[in-house]
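Inside the fold
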Amino acid sequence: MNTVTCLAPINIAVIKYWGKRDESLILPVNDSISATLDTEQLHAKTTVMISQHFKEDCIWLNERKEDIKNPRLQNCLNEIRSRSQLSGHMNDWKIHICSKNNFPTAAGLASSAAGYACLTAALTKLYKVEGDISLIARSGSGSACRSIMGGFVRWHMGMDKYGMDSLAKQIVPASHWPEMRILLIVVNSEQKKVSSTIGMKRSMETSEFMQHRIANVPEKADKMQCAIIQKNFKTFAELTMKDSNQMHAVCQDTYPPCVYMNDVSHSIVNFIHSYNDAMNDIKGLMLRYT
């Protein structure tokens, strides 16, 4: 019996990933940039175990048994097993996976990103896989590749049709901007009515505004990266809020629309703008994460 336990953080996108150019490979239509949160506050925790005595592969999420045949889960598991450095007979052992989030699942806090990043990290340790694992994490959940590393991370969309250059790379570690603070406010802990996966697909198929956003993200992403490196909070905040507004405008332009903000969300946005006006400077920002 071999066992590994890992923690992985959630990440909050400041330049958002919205839309895929390839659904099966989970290849995005634009670069995205995120801030990784500290695992001491919010994290996914995953334990993986293989044993010759297990009869079948199984997975439990938040103490509930789930479908191990989920295609995205199988993508990760099959890729890891194909790269396994374990001795031959151990590769045939069945696996049990137990994963738990210490925050609401599917409520807009990137639970799938943290979960698949954590699963990938645990599996690579268990099967002794080496090398860049962001590609494997991405095959489970696109944003998971950004949770593989800390600090500020950029997921490069890449151009290769097979996604071999669609990788996440750290811009700077968390220690680069120690003054940065992120406050999360869960305005509704219930599961989203429209999942991000469905919402993205619907936007790609129906939103006329989508192509405008895709065309403008590269320049914004480059400016955001420079703002992070220079620790320019004003530019960082403006770009974050404008990109969030634009993504939600795409969601509103989607048919049927995908609504991820509620009255509380809008009240917080108004409060932040009023606060910045009162300070005659940009001291805070607000975005609604899907």
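Predicted model only: the values in this text are computed from it and were never measured. (Residues numbered from 1 in each chain as written. Predicted model: local features only at pLDDT ≥ 70, side-chain atom pairs only at ≥ 80, totals over all residues. Heavy atoms only, no water.)

What about the overall build of the chain?
Looking only at helices and strands, one finds seven helices and eleven strands in the chain. The C-alpha radius of gyration of the chain comes to 19 Å, within 12% of the 19 Å expected for a compact globule of 290 residues. Structurally, the chain occupies a C-alpha span of about 65 × 40 × 35 Å along its principal axes. Looking at the 290 residues of the chain, the share that counts as buried comes to 50%. A separation of at least 24 residues holds for 75% of the contacts in the chain among residues at least 6 apart in sequence. (Helix = DSSP H or I, 4+ residues; strand = E, 2+ residues; numbered from the N terminus. Rg over C-alpha atoms; globule rule 2.2 N^0.38 Å. Buried < 20%, exposed > 50% of the residue type's maximum accessible area, 1.4 Å probe, protein only. Contact = heavy atoms within 4.5 Å.)

Observations concerning the sheet that holds strand E11 (residues 168-172)
Overall, antiparallel pairing links the four strands, which are arranged E2-E5-E10-E11 in an open sheet. One side of each edge strand has no neighbouring strand; the edge strands of this open sheet are strand E2 (11-15) and E11. On average, adjacent strands in this sheet sit at an angle of 35° to one another, irrespective of strand direction. Of the strand pairs in this sheet, strand E5 (residues 32-36) and strand E10 (residues 152-155) are connected by four bridges, and their pairing is antiparallel. From the neighbouring strand, Ile33 faces E10, where its bridge partner is Arg154. Sitting on the sheet, helix H6 (residues 233-253) is in contact with E2 and E10, with an inclination near 90° to E2. (Pairing = 2+ DSSP bridges. Axes fitted to C-alpha atoms, helices over the stretch in contact; angles between N-to-C directions.)

Some remarks on the pattern of salt bridges
Evaluated as defined, the whole model comprises twelve salt bridges. In this structure, Arg154 and Asp31 form a salt bridge, with 3.0 Å as the shortest nitrogen-oxygen distance. You can see Arg154 sitting in strand E10 and its partner Asp31 sitting in the loop between strand E4 (27-28) and E5, a full 123 residues away along the chain. The shortest N-O distance in the salt bridge between Lys283 and Asp281 comes to 3.8 Å. The exposure class assigned to Lys283 is partly exposed, which follows from its relative accessible area of 46%. Taking the relative accessible area as the measure of exposure, Asp281 reaches 32% and is therefore partly exposed. (Salt bridge = Lys/Arg side-chain N within 4 Å of Asp/Glu carboxyl O.)

Regarding the packing of aromatic side chains
Going through the model one piece at a time under the given rule, you end up with six aromatic pairs. Taking the centre distance of 6.0 Å and the plane angle of 85° together, the rings of Phe152 and Phe236 count as edge-to-face. Of this pair, Phe152 sits in strand E10 while Phe236 sits in helix H6, and the two are 84 residues apart along the sequence. Since its relative accessible area comes to 4%, Phe236 is described here as buried. Taking the centre distance of 6.1 Å and the plane angle of 35° together, the rings of Phe233 and Phe236 count as tilted. (Phe/Tyr/Trp six-rings, centres within 6.5 Å; stacked < 30°, edge-to-face > 60°.)

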